[in-house]
Every structure is written in C-alpha cells, then in structure tokens.
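# Coordinates in review
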Amino acid sequence: MRMRDISKSFGQIQANSAVSLDIYRGEILALLGENGSGKTTLMNMLSGIYFPDSGEIEIDGEPVVIASPKDAFDKGIGMIHQHFKLVNVFTAAENIILGLEDEDAFDIAAACGRIRAICDSYGFDVDPDQKVYDMSVSQKQTVEIVKLLYRGADILILDEPTAVLTPQETDRLFAILRNMRDDGKAIVIITHKLREVLDISDRVAVLRKGAYVGAMATAETSPQEMTNMMVGHQVSLNIDRPAPVDPKERIRVSGVTVRNQEGVVKLDNVSFTARSGEILGIAGISGCGQKELLEAIAGLQPVEVGSIEYIHDNGRSEQLIGKDPLEIAALGVALSFVPEDRLGMGLVGNMDLTDNMMLRSFRQGRGIFTDRKGPRHLAEKVVEELEVSTDSISTPVRKLSGGNVQKVLVGREISSSPTVLLSAYAVRGLDVNSSYLIYDLINQQKERGVAVVYVGEDLDVLLEFCDRILVLCGGKVSGIVDGRGATKNEVGLMMTKLGGEEA
Amino acid sequence: MIHIAKRKEMPLPQALAIRLGAIVAALVACGVITAIATGLNPVDVYAAMVKGAFGTPRKVWILLQELAILLCVSLALTPAFRMRFWNLGGEGQILVGGLAAASCMIILGNRLPNALLIPLMFVSSACAGALWALLPALFKARWNTNETLFTLMMNYVATQLVAFFVIVWEVPKGSGNIGIINQSTEAGWLPQVGGYKYLLNILLVAILTVIMHIYLAYSKHGYEISVVGESPNTARYVGIKVEKVIVRTLLLSGAICGFAGLLLVGGTAHTITTTIAGGRGFTAVMVAWLAKFNPITMVASSLLLVFMSCGAGEISTAFGLNHSFGDILTGIILFFIIGCEFFITYRIVFSKKEGERDV
C-alpha cells in the first residue's frame, strides 16, 4: 500500500502536508511523532474517516478512493482507535457482527464459531458471549482487533494501543501483533514511545509537524536518531527569560499519587517544588499526568496519597489536598489556573466576556444580585490591554478565535493578582503573535514574584522560556533540569523514559 | 452533493424574518389542508379560531387564565432547563401541589379562617411540589441518574396518589368525584380581585414572570444555574458546588409547579381530579423551548399555544369538525415554527465538488 503526497488541512491548520508513506504486508510499521504531528490524521484518511485534500492512495498498485469507513473495510483496512467503539450492553459476538449486511450475518452461533477460530489461530482470549461492560480495557481492545479480522481486514492500524494497557497486557498484544504479521498482514502502530518502536516494529516512519521526515528499518536506527528526527533541530525563538527574582518556595508537592476514575495511575509519587518568581516548565508526552498534576494543585482532582503544600511569605504552610477551589481561595491562597480545555473548563462558551470575567468573582458583595459593573470594566480593560479582537464585550466567547479566547482567560486569571499561576498548553492553537503576547504576560507575572507552573508541549519553547523543567513520563518524574543548560535531546530522551537509565 | 453546515451567526432581523416566513408558510399549509380535507374556506376557519379565542370577554378571560397557568408551569421548568436538567415531572409536581392545597381545604376548611388557611395552602402546595422534584434532584446530584426518566415516573406516582385521595374524599360516596370543595363556606378559595374570577391568578403569574426573569438574569443563583448548565466542569473549576445548585434549583422548580397546582385547585376549579394538570407539565416543556428559556418570551409562546387550543375548540363546534382537526392544525403550525430553527442554525450547502472528489 502506498500513500502519495497526502495533504489535509483543518481550517488554517495544516495537519498533513504532502506525506508519502509505504506500507508492506508481513511487516509492522511504527508511525512515530510528537503530539500534533499528524499521525492520527494520516491514518484516519486511510480508514475513511477523513478525506484527503489532495494526494493518492494505492493498494497493490491499484489507485483507490477511500471515502468512508465502509470503503476502507471493503479494501481490507481496519483501524483501532484510542477510544473504543463498542456497544457496552452487547456481547463480544454481537459487537463483532454489528453493522455487517450479509444475509447470514446474524446467525450468532455460526459467528461465534468463526470468532473462536480466529481467536485460536492468533492466540486471542475472547469469550464471544461476554458482555462488553464486563470486560477489562485490554479485553475490549482484543474485541476490536477480532472485529477487524472477522471482517477480513489485512491492513490493521492501531492508534496508540498501549496507552491504556499494563506492561503485561502490552507484551501479550505485541505477541499477537507478531502472529498477525507472520500471517502476512500489514500492521501500522501509531506511537510515541521509543521503547515500543524498538520492541515491535520492523520499520519506523517519522512525522514532524504534519510532514514526513523519513523512514528506516528499526534494526538500523537508534533512539537517539529517532528522537532527533522526531523533534527536529533546535530553532531559536528569542523568547525573553529574565532571571528569577528572589525565588522562595511556594508550592511543595511531595509523594503525590493520583488515580483516574478507571483506577489507572496517572501520577505516581510525584515530588517537586515550585518557587516564586520562577517559571517551572512541565514537559512530557501528552497524557503523562500533566493535567492531573495541575488539577490536583488547583483542588479539582482527588489525590490518593501525598501532600501539596502552599507556603506563605511568612513561612506558614497550608495543605491544599482535600480542599475545593473555594476553600483554597479562602485560605488566602491566590491561585490562578489556565486549564488546557479553555471552553470546557475555565470559560463558558455561550456567555459573553463580561459574564466570563465574573466567573471567579461573582460571589463578591452582599445581596442576592450579581454586580456586573466591575466585571464589565475588567472585560473592557482586558480587551484593550491584551488587544482581544471582538465585536464587543457582549459577544459570547465561543465566537472568538482561539487566541482571543486564551487572552480572555489569561486576562481574567492574572487580574486577581495571583501568587501561583498554573497554565496548561497556554499557546496551543495560537498564532505566533498571540503566543508571544502570552509569553510576555507570563513573564510579567514571574517578575511580580508569581510562581508559574507552565505545562508545554513545544520543547523549543520550554527550553527558552522556563527556568527549570520538570519532565514527566507515564506519571512519574523522570527528572528536573535547568532550563538554561539542558538540551533538547536530553529532555526528549527523558520524556520517552530512555533518559536516566539508558542514555 | 448537498451537505449541512452550521451558520456562524444570523443577524436578528433575518432570524425574525425566517420565523415570520415560517408562520406564513404554516398558515398556508394549514389552509391547503383544511380546504382539501374539509372543503371549507380556510379564511372562515381562521376567523372562527380568532373568534373562539377572543370572541367574547368571557372567552378572553378564559384565554388569559389558561395562559397564566401554562405560563406558570413553564416558568417553573425554566430554571431547571437552563441548568440542562430536563424536568419532565411538571405534571406530577402540579398534581401533588394541588393535592396539598385540596387537603388543606378539606381538612382545615372549617377550622381555620381564610387569612390563615390560604397562606398555609401556599406553603404546603409549594412544599409538596418541591418534594416531588427533590427526589430526582438528589439522585441526579448524588448518583447522576437520568432525570428525564425519573421525573417522568414521578408523574405516575402522583396521579395514583391523587386517585387514592379522590376515593377517600369522594362526595357522594361511590361517585368517584370530590365535587366542589367547601361550596357553601368558600373556605380556602382564593379571593377574587375586583370581582373578576381569574384576575388574581393572572396577576400572580405576571408578577412571577418578572421575578423569574430578574432571578435568572441578575441574581447570583441565576448566574450559577447558567454556569452549571453550560459547563459543569467550569462550575467546579470556580468552586461552584454543582450538587447543591442542582438540588436548590429543583426545589424552586418543583415549588412553582406546586404553586400552579394551588392556583388550579384554590383559584379556579375548587376541586381536584387526576386530570387537573391537563398535560400542562408537558405543554410547558414546549413553551419553554420555543422561548429559548427566556421568561419574557415565554408569554408569547404560551399565548400561541393557548390561542391554538382555544381556537381549535371553537372550530370543532362551529363547523362540526372533530376536535382532533384543531390538534392537526396546531401540530402543523408547531412543525413549521420549530422546523424554521433549523434554517436559522444551519445552512444547506450545495457543493459542486463532486467531480473533483471522485478523481
């Protein structure tokens, strides 16, 4: 299978530009790249979820058009998404035959027989009569794989299949994938974990910022080379980095462990200190616990064990764990939080600028009525000072562009003179000018003596912007480096956990 | 190839023009169907509808009374709906409110003076309605149960409860009816203002409309309701206790429904039956949606529905048509009015790219 010059853009964002990729039968190809490098988009075009803006796809030398997931199935292409697409109240067998249109598709007994045959030949452990809601995550994933095989897929695409698995389950999955490869199937596995690339793949193709960087045989490459290809050469961005002013301990996190609702450990024994007048960067592949870490500090995420202390100027410390945002504010802790999902948490899309400005302050004043005078002034001030382009302050924020939404959020959060500023992906989706404006704003806060925790995804930025960088990998701290001395490769390797022990 | 795209934002005059166009189109469609199905002149039929709704002062009073009760229930549902809590239990909350008022009238009617009895009826019917809404609210807040089903089921419980008490208090025994309560003493009957039977109800609901508008638009509670409805995560992020807001808002919603029950029992009917709510708990859902949960706009949307229902009654008697024919016309008009929202939110794009895409 060959993909030629595939391009796809969403609005102004170019997700893939002229990517060419070959996939061979009897081979496992690892598709490697940072977050947002266009891996998933590219594979979605193979599986018929998106349609490329330009470019061609050939299978066995024949040009093909894949306009829908059904087209993809007909061509033997199947994809397993990060989020499974199964009907919970159905059994495994019912899910597997769901959507088939043959006359005899609904002969469950016969289907079960075929499912067992598939399972036996590849070593799956699936009970066709088990309900999906009774299954573990790894069993659900197996059902997804069997579903594709049942439909005769011989090109399988797996989008970060190991993200939800334990190491033992990962090993089992890899064994199955090898079986399938030996059976002549083509397998593509999307990942950003170098170790897995080395473990399972025969060939590795690297994407960076939507473009194809190169491919090589896994046996002939090294983690170092792959990291280089993945992150690219260092670019100078010229972001200001004033020296920290009188740094003092402000937030002390020790031994924090957090589980999500499914019981998966998202943060594992995390300890660090954030100091006033300093920007502490948090680096890591997305989903390595950054979100949970910030939310734990902000009082939005229950913590299993550990302690998060806020240290006042006079040395008195307050435990923040077990308190909600209101209780934290009541302790006199001026904490501001710019979350990742701006319109899902942080702002209310359907409300106008004024109403969004008073989200934190609406309780002020006696009486049952809200006072919109202050928030209106604040909205006007933010619009003017941060150059928010909007028709008026009565425009719902969801109508603003991403950069302007972020300015509104940051403007509100810094208006309360915080002593701690937490920010997650503050410049994601922003154009260059807005990004620099946000960097400047954060630097101003730093000079005011605010302890800034800055979760970022662009290593170049982190290295030029932050005083210290904490690297997270799979919920664990793999190290804290000085932003002025560290190199991109060093941090990149720590992110993929090959730092420390092996590099 | 045709596909549907979301519009950015339509200027208000254009949106109003589309809505007006929809009403005209609905009237034309109704006219055509009337002419084909009954052979009557549609203009005559429309004239009869207007006459049925506004023909005599008495008809106008009935229309306004119906409008007041429907509006009251719609106002009750609004805070819950703004919070994206789909309270479909209005029917049951009205019934238990009415039942509470009726039981005060029956049990205490001859023991308390009206000056005490009537306030007591207000309190007890509001509490009963609030209790009926509290149960689903607690379950939603604590265990995130589905409020739509839960509130709906509570309606049946309320109906059975009323049916039980109707048998307990039936007059005469075996009739299956309570009859007019306290007919001779008029104990617990809401007073008449200026000699008009319905005026008090209308005034109370008018005041309630203004209060509800102010509550939702300007109070801290109203602001919390909007934040919780739009984004529970944002609410938590700023320290709003989502569970508390859900319970508090549903207490309010249920209490106002119970109050509507009081207006029906104490204000106009002076009796209670299992059908006293008359489906208003559900009609009000439509009223609230049509008005996009704005209390002031709700006056217009409930007027529309009440007008259609009064008019439909008139044409069924005037032309000897089945009452269902009026319902058919109401259905057609609502179809157009609701359907036009689609064209306000979305536009249809005819793309000519088909040739290119198949390459």
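Residues numbered from 1 in each chain as written. Chains lettered and ligands numbered in written order. Predicted model: local features only at pLDDT ≥ 70, side-chain atom pairs only at ≥ 80, totals over all residues. Heavy atoms only, no water.

Looking only at helices and strands, chain B features 14 helices and two strands. For a compact globule of 359 residues, the expected C-alpha radius of gyration is about 21 Å, and chain B comes in at 23 Å, within 12% of that figure. Projected onto its principal axes, the C-alpha positions of chain B cover 85 × 60 × 35 Å. Looking at the 359 residues of chain B, the share that counts as buried comes to 48%. The long-range fraction of contacts in chain B, counting pairs at least 24 apart against all pairs at least 6 apart in sequence, stands at 77%. Looking at chain B as shown, the accessible area adds up to about 16,800 Å², and 69% of this sits on carbon and sulfur atoms. Across chain B, the centroid of the 25 positively charged side chains sits 7 Å from that of the 16 negatively charged ones. (Helix = DSSP H or I, 4+ residues; strand = E, 2+ residues; numbered from the N terminus. Rg over C-alpha atoms; globule rule 2.2 N^0.38 Å. Buried < 20%, exposed > 50% of the residue type's maximum accessible area, 1.4 Å probe, protein only. Contact = heavy atoms within 4.5 Å. Areas by Shrake-Rupley, 256 points an atom, 1.4 Å probe, with all protein chains shown as cover. Lys, Arg positive; Asp, Glu negative; His and termini not counted. Charge placed at Lys NZ, Arg CZ, Asp CG, Glu CD.)

This brings us to the sheet that holds strand β16 (residues 335–338) of chain A. Residue and element names in this part refer to chain A. The sheet built from six strands is open, its strands ordered β16-β17-β18-β13-β19-β20 with mixed pairing. For this open sheet the edge positions go to β16 and β20 (476–482), each flanked by a neighbour on one side alone. Between one strand axis and the next, the sheet turns through 15 degrees on average, direction left out of account. The pairing of strand β17 (residues 420–424) with strand β18 (residues 451–455) spans five bridges and is classified as parallel. Bridge pairing in β18 places Leu422 opposite Val453. (Pairing = 2+ DSSP bridges. Axes fitted to C-alpha atoms, helices over the stretch in contact; angles between N-to-C directions.)

Okay, the pairing of strand β11 (residues 249–259) of chain A next. Residues and elements named next belong to chain A. As judged from the seven bridges shared by β11 and strand β12 (residues 265–275), these two strands associate in the antiparallel manner. The residue of β12 that forms the bridge with Arg252 is Thr273. In textbook terms, the turn of a hairpin is the stretch between consecutive antiparallel strands, and for β11 and β12 this stretch comprises five residues, one of which, Gly263, has a positive phi near 90 degrees. Examined bridge by bridge, β11 and strand β14 (residues 305–311) share five bridges and lie antiparallel to one another. The residue bridging Thr257 from the neighbouring strand is Val305, located in β14.

Let us look at the interface of chain A and chain B. Across the boundary between the two partners, chain A contributes 35 residues, which contact 24 residues of chain B. Buried area between chain A and chain B, summed over both chains or domains, comes out near 2,300 Å², and the portion from carbon and sulfur atoms is 59%. Remark: the boundary between chain A and chain B carries one salt bridge. For Lys241 of chain B, the salt bridge identified is with Asp324 of chain A, shortest N-O distance 3.3 Å. Counting the contacts that link chain A with chain B gives 20 residue pairs in polar contact (both at pLDDT 80 or more). For the side of chain A that touches chain B, the leading source of residues is helix α13 (residues 402–415) of chain A, giving three residues. (Buried area = accessible area lost by both parts, 1.4 Å probe. Salt bridge = Lys/Arg side-chain N within 4 Å of Asp/Glu carboxyl O. Polar contact = N/O pair within 3.5 Å; in protein donor to acceptor, adjacent residues only side chain to side chain.)

On to a nonpolar patch on the surface, then. On the surface, Ile368 and Phe369 of chain A together with Val210, Ile214 and Tyr218 of chain B cluster together into a nonpolar patch covering about 470 Å² of accessible area. Among the structural elements, Ile214 of chain B can be located in helix α7 (residues 199–218). (Patch = residues over 30% accessible without salt bridge, like charges linked within 9 Å, V, L, I, M, F, W, Y side chains within 5 Å.)

Considered domain by domain, chain A is made up of domain 1 (2–231), domain 2 (234–334 + 418–503) and domain 3 (348–416). Of note, the centres of domain 1 of chain A and domain 3 of chain A, computed from C-alpha atoms alone, are 44 Å apart. (Domains from an automatic or database assignment.)

What follows is about helix α12 (residues 373–385) of chain A. Residue and element names in this part refer to chain A. For α12, which comprises 13 residues, the first-to-last C-alpha distance of 18 Å matches the rise-based estimate of 18 Å (1.5 Å per residue) to within 8%. Of the positions making up α12, those classed as buried are Pro375, Leu378, Ala379, Val382 and Val383. What you see down the axis of α12 is that its buried residues fit within an arc of 135 degrees, all on one side. In α12, the exposed positions that point more than 90 degrees away from the buried face belong to Lys373, His377, Glu384 and Glu385. Of the surrounding secondary structure, the elements contacted by the buried residues of α12 are α11 (353–357) and α13. Directly beyond the C-terminal end of α12, a positive phi value near 50 degrees is found at Glu387. (Expected span 1.5 Å × (residues − 1). Arc of directions from axis to C-beta.)

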